[in-house]
Amino acid sequence: MKENMIVVKSEFAPLRKVVLAQSEFIFPEREDSNNDSTFLAEESLDLYASVDTAGKDYKDVFPDRQKQWEEEREEFKKVLEKYGVEVLLPRLLTEHEREIGKEYGCCNFFVRDPFFTIGSSIIEGSLRFLHRRNEILPIRDTLAAEAYKSDAFYLSVPKPDISEGLHAEAGPFLEGGDILVLDKTIFVGNSGQASNHNGYLWLKSYLSHWGYDVIEVPLKKEVLHLDCALSLVREGLMIICEEAFLEGIPEPLRKWDKISVPYKDIAYLAINGLPINESTYVLDPQFEYIAEQLKARGITVEYVDFRISRSFGGSFRCSTQPLIRI
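For the structure given in this document, a descriptive report is provided here. (Residues numbered from 1 in each chain as written. Predicted model: local features only at pLDDT ≥ 70, side-chain atom pairs only at ≥ 80, totals over all residues. Heavy atoms only, no water.)

For the rest of this paragraph, the subject is the sheet that holds strand 14 (residues 257-260). On the basis of which strands lie adjacent, the open sheet formed by 3 strands has the order 12-13-14 and mixed pairing. Strand pairing shows two members of the sheet lacking a second neighbour, strand 12 (230-234) and strand 14, which therefore form its edges. On average, adjacent strands in this sheet sit at an angle of 25 degrees to one another, irrespective of strand direction. Sheet analysis places strand 13 (residues 237-240) next to strand 14, joined by 4 bridges and oriented parallel. Among the inter-strand pairings, leucine 237 is bridged to a residue of strand 14, identified as aspartate 257. Sitting on the sheet, helix 7 (residues 288-296) is in contact with strand 12, strand 13 and strand 14, with an inclination near 160 degrees to strand 14. (Pairing = 2+ DSSP bridges. Helix = DSSP H or I, 4+ residues; strand = E, 2+ residues; numbered from the N terminus. Axes fitted to C-alpha atoms, helices over the stretch in contact; angles between N-to-C directions. Contact = heavy atoms within 4.5 Å.)

Shown next as structure tokens:
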């Protein structure tokens with residue numbers, strides 16, 4: 001492997017270098033009409049509705065949960081490093097970011113969506129929710145450093161068009177949770193909650209220069225991202241909730257062996273595990289029924305309790321974005 005290379009070949013190619021999320025969230029003072037929160041589990045919605053959170057730091061409202069959240073991420077980091085993965089962390093939010101972020105909220109908690117890596121391209125995304133539109137900033141120094149010492153293409157999706165208002169639908173919106181990489185085939189989810197058709201068209205145009213086949217995957221509206229409904233474990237094996245797909249399983253995957261997950265478990269992020277390689281998968285112990293089926297197929301399962309992270313609407317894949325998978 002060349003030193004300082006950037007390349008992501010697939011979802012399950014051996015993970016060598018990854019960015020792992022921090023654990024920071026500032027609650028919004030104003031409601032974002034883009035965010036209907038239908039993707040969150042009821043327990044999470046009830047928890048946040050039970051206290052006054054407007055403009056407050058999560059760590060001040062829920063100090064015990066904040067501690068558990070940080071411990072979850074640290075335990076996950078240890079598992080990654082156990083397999084020789086180099087782990088990079090974004091910086092923490094500045095006081096200025098915290099202060100100006102109070103209006104619509106501010107977060108530094110999932111790195112999968114603010115950018116994504118396909119082949120040797122590092123691409124900053126374009127996020128729909130207002131509280132996430134600056135989430136790339138704590139990561140940018142890391143991305144620049146990695147890109148500038150490699151042969152990577154480093155670029156950004158165009159800014160969302162707000163000529164018709166902050167909540168205009170034109171976008172383009174394109175979020176890493178909607179993007180799954182399978183060699184030269186790229187799947188792009190579209191539920192109307194995150195990435196949209198204009199984002200898909202932008203990515204298809206860009207990747208056409210390298211011969212990629214980019215496939216748009218329509219999803220039910222309650223499914224925030226494609227990686228909440230589909231996980232590619234290894235060549236020929238996937239974890240999937242078929243009910244989430246408006247047009248069925250994407251054609252290139254229809255002959256794959258599948259581990260099926262009920263629709264109700266999407267909100268609990270059952271499918272948002274992380275392959276470290278083709279024979280190792282990170283999963284929350286709550287989903288033992290998935291683990292047993294993985295083990296029966298020769299997959300080693302590494303368990304990390306990710307209950308707090310999942311309450312925000314993301315799990316292991318959401319908390320990471322690879323820079324090297326080859």
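Turning our attention to the packing of aromatic side chains. A complete count under the given rule lists 19 aromatic pairs for this structure. A centroid spacing of 5.5 Å and a plane angle of 65 degrees characterise the contact between phenylalanine 109 and phenylalanine 312, whose relative ring orientation is edge-to-face. One end of the pair, phenylalanine 109, is in the loop between strand 5 (106-108) and strand 6 (115-118); the other, phenylalanine 312, is in the loop between helix 8 (307-310) and strand 18 (320-325), with 203 residues separating them in the sequence. Considered together, phenylalanine 109 and phenylalanine 312 belong to a single accessibility category, that of buried residues. Grouping aromatic residues by their ring pairs yields a cluster made of Phe25, Phe27, Tyr58, Phe62, Trp69, Phe109, Phe110 and Phe312. Residue placement shows lysine 184 over the ring face of tyrosine 212; its charged tip is 4.2 Å from the ring centre. One residue, lysine 220, lies across the ring of tyrosine 263, its end atom 4.9 Å from the ring centre. (Phe/Tyr/Trp six-rings, centres within 6.5 Å; stacked < 30°, edge-to-face > 60°. Buried < 20%, exposed > 50% of the residue type's maximum accessible area, 1.4 Å probe, protein only. Lys NZ or Arg CZ within 6 Å of the ring centre and 35° of its normal.)

As a further point, take the sheet that holds strand 11 (residues 213-218). With mixed pairing, 3 strands are arranged side by side in an open sheet as 9-10-11. Single-partner strands in this sheet number two, and they are strand 9 (179-182) and strand 11. Within this sheet the neighbouring strands show an average axis-to-axis angle of 20 degrees, counted without direction. Summarising the sheet, strand 10 (residues 185-190) and strand 11 pair through 6 bridges and their orientation is parallel. Its bridge partner lying in strand 11, isoleucine 186 is registered against valine 214. Across the sheet, helix 6 (residues 197-207) lies against strand 9, strand 10 and strand 11, angled at about 170 degrees from strand 11, the strand it touches most.

Looking at the element boundaries, serine 319 is found in the loop between helix 8 and strand 18. At 3.2 Å, the side chain of serine 319 and the side chain of arginine 73 are in polar contact. Ignoring any residue separated from it by four or fewer positions in sequence, one finds serine 319 in contact with Val19, Leu20, Ala21, Arg73, Phe76, Phe110, Val111 and Phe306. (Polar contact = N/O pair within 3.5 Å; in protein donor to acceptor, adjacent residues only side chain to side chain.)

Our focus in this paragraph is helix 5 (residues 137-148). Here helix 5 contains 12 residues, and its C-alpha end-to-end distance of 17 Å stays within 8% of the 16 Å for a straight helix at 1.5 Å per residue. Buried residues of helix 5: Pro138, Ile139, Thr142, Leu143, Ala144, Glu146 and Ala147, and no others. (Expected span 1.5 Å × (residues − 1).)

To continue, consider helix 6. Buried within helix 6 we find Gly199, Tyr200, Trp202, Leu203, Tyr206 and Leu207. The buried residues of helix 6 occupy an angular sector of 160 degrees when the element is viewed end-on, so they sit on one face. Elements that come into contact with the buried residues of helix 6 comprise strand 6, strand 7 (121-124), strand 8 (153-156), strand 9, strand 10 and strand 11. (Arc of directions from axis to C-beta.)

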